[in-house]
Amino acid sequence: SQAFRGGKVVSIFGGSTLDLTRSEPVQGNVEIEIVSIFGGSTMIIPADWNVKLEVFNIFGGYGDKRVRGQVDFNKTVIVKGVAIFGGGEIKSY
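What this report covers is the structure whose coordinates are included nearby.

Quick notes on the rules
Residue numbers run consecutively from 1 along every chain, following the written order of its sequence. Local features in this predicted model are restricted to residues whose pLDDT is 70 or higher, and side-chain atom pairs enter the listing and the counts only when it is 80 or higher, whereas totals over whole chains, interfaces and linings include all residues. Hydrogens and water are ignored here; the side-chain numbers use all heavy atoms of the structure. Here a salt bridge means any side-chain nitrogen of Lys or Arg lying within 4 Å of a carboxyl oxygen belonging to Asp or Glu. Strands are runs of DSSP state E lasting at least two residues, helices are runs of H or I lasting at least four, and both sets are numbered from the N terminus onward. Residue burial is assigned from relative accessible area. The probe radius is 1.4 Å, only protein chains are included, and a residue is buried under 20% of its type maximum, exposed over 50%, and partly exposed in between. Under the rule applied, a polar contact is a pair of N or O atoms within 3.5 Å (in protein, one hydrogen donor and one hydrogen acceptor; residues adjacent in sequence only if both atoms are side-chain atoms). A contact between two residues is defined here by any heavy atoms of the two lying within 4.5 Å. Throughout this description, the term nonpolar core refers to a set of buried Ala, Val, Leu, Ile, Met, Phe, Trp, Tyr and Cys residues connected via side-chain atoms within 4.5 Å. We treat two strands as partners when DSSP finds at least two bridges between them. Axis definition: a line fit to C-alpha positions, over the contact stretch in the case of helices; interaxial angles, taken between N-to-C directions, run 0 to 180 degrees.

### Digging into the pattern of salt bridges
Here is step 1 of the chain: Considering all chains together, one arrives at five salt bridges under this definition.
Here is step 2 of the chain: Between glutamate 24 and lysine 75 there is a salt bridge whose closest N-O contact spans 3.3 Å. Of this pair, glutamate 24 sits in the loop between strand E2 (15–19) and strand E3 (29–37) while lysine 75 sits in strand E7 (residues 72–84), and the two are 51 residues apart along the sequence.
Here is step 3 of the chain: Measuring nitrogen to oxygen at the nearest pair gives 2.9 Å for the salt bridge that ties arginine 66 to aspartate 64.
Here is step 4 of the chain: Arginine 66 gets classed as buried once you look at its relative accessible area, which sits at 7%.
Here is step 5 of the chain: Among the ionic contacts, a cluster of salt bridges with common partners joins Glu24, Asp48 and Lys75.

Below, the structure is given as structure tokens:
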């Protein structure tokens, strides 16, 4: 989408992949809600997007594995949610 507004990802006893490499976020903050219970998710987000992680972890974890570079603060994504015995990561290619 050229006007990405956010979304929700739920992974219970499984996994998911969200590829945003060809998307453009809308102006302002974009929110993605994550729930990972005994599962996980991978998000592929361009390296120039600003990502704020607000994920609560219980016996799991969520991390940003992207290589840092120039960040466009007009492209801000807030990742909120919970990871219980699961987790996920944010990558860029």
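Picking up where we left off.
### Some remarks on the side chain of serine 11
Here is step 1 of the chain: Looking at the element boundaries, serine 11 is found in strand E1 (residues 6–12).
Here is step 2 of the chain: According to the relative accessible area criterion, serine 11 is buried, its value standing at 2%.
Here is step 3 of the chain: Among the polar contacts listed, one links the side chain of serine 11 to the side chain of serine 16, at a separation of 3.1 Å.
Here is step 4 of the chain: Apart from residues lying up to four places away in sequence, serine 11 is in contact with Ser16, Val35, Ser36, Ile37, Gly39, Gly40 and Ser41.

### Considering the nonpolar core
Here is step 1 of the chain: One finds Ile32, Ile34, Met43, Ile45, Tyr62, Val79 and Ile90 to be the most contacted residues of the largest nonpolar core, which totals 16 residues.
Here is step 2 of the chain: When contributions to this core are tallied by element, the ones reaching two or more residues are E3, strand E5 (49–58) and E7.

### Observations concerning the sheet that holds E2
Here is step 1 of the chain: Judged by pairing direction, the sheet is parallel, and its four strands sit side by side in the order E2-E4-E8-E6 without closing on themselves. In this open sheet, the two edge strands, each paired with only one partner strand, are E2 and strand E6 (61–64). The mean angle between the axes of side-by-side strands here comes to 10°, regardless of whether they run parallel or antiparallel.
Here is step 2 of the chain: As judged from the five bridges shared by strand E4 (residues 40–44) and strand E8 (residues 87–91), these two strands associate in the parallel manner. Opposite glycine 40, over in E8, you have glycine 87 as the bridge partner.

### Comments concerning the sheet that holds E1
By definition, the strands of a sheet pair up through backbone hydrogen bonds, in either a parallel or an antiparallel sense.
Here is step 1 of the chain: Judged by pairing direction, the sheet is parallel, and its four strands sit side by side in the order E1-E3-E7-E5 without closing on themselves. Since the sheet does not close on itself, it has two edges, and those belong to E1 and E5, each with one partner. Each adjacent strand pair in this sheet contributes to an overall mean axis angle of 15°, direction not counted.
Here is step 2 of the chain: Across seven bridges, the pairing between E1 and E3 is parallel. Paired with serine 11 across the two strands is serine 36, which belongs to E3.

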